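# Working through the structure, step by step
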Amino acid sequence: VQLQASGGGLVQAGGSLRLSCTASGRTLSGYVMGWFRQTPGNEREFVAAIKWSGGSKTYSDAVKGRFTISKDVAKNTVYLQMNSLKLEDTAAYSCATAQGLITSTMPDPTKYPYWGQGTQVTVSS
């Protein structure tokens, strides 16, 4: 599975961005698509994830109520709509996918074997 992320950029605090991640190489039935973020010197942090079949979603507490993950099956693409952005949301955001995860393991980055490149999100004051 190949993943291509896009949509990062520079935005003022309180603004919005939408990230996209398009998968190729296979159908995603039975897969989970996740978004993670990382800042220099820190570990990768879970942001949100969605089950491709059924659409069950989970979010980190840090973004719950501000970010929304969604999918477009026809386009094999997952989106991360980020609203009310804060300075602390600044990070490199990466998408990842894994097959057959249960909800409790969706936030664990070590469970994801396939990763896209990061897209930088910078929130300014």
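Residues numbered from 1 in each chain as written. Predicted model: local features only at pLDDT ≥ 70, side-chain atom pairs only at ≥ 80, totals over all residues. Heavy atoms only, no water.

On to the sheet that holds strand β7 (residues 67–72), then. Overall, antiparallel pairing links the 4 strands, which are arranged β1-β3-β8-β7 in an open sheet. Edge positions in the open sheet fall to β1 (2–6) and β7, since each of these has one partner strand only. Taken pair by pair, the neighbouring strands of this sheet meet at an average axis angle of 15 degrees, ignoring direction. Bridging between strand β3 (residues 17–24) and strand β8 (residues 77–82) involves 6 bridges; their strand directions are antiparallel. Residue pairing in the sheet places R18 in a bridge with Q81 of β8. (Pairing = 2+ DSSP bridges. Helix = DSSP H or I, 4+ residues; strand = E, 2+ residues; numbered from the N terminus. Axes fitted to C-alpha atoms, helices over the stretch in contact; angles between N-to-C directions.)

So, on to the state of the cysteines. Scanning the entire structure with this criterion turns up 1 disulfide. Note that C21 is cross-linked by a disulfide to C95, the S-S spacing being 2.0 Å. Between C21 and C95, the S-S torsion sits near 70 degrees, and that sign places the bridge as right-handed. With C21 in strand β3 and C95 in strand β9 (residues 91–99), this residue pair connects regions lying 74 residues apart in the sequence. By relative accessible area, C21 is classed as buried at 0%. (Disulfide = S-S within 2.5 Å. Buried < 20%, exposed > 50% of the residue type's maximum accessible area, 1.4 Å probe, protein only.)

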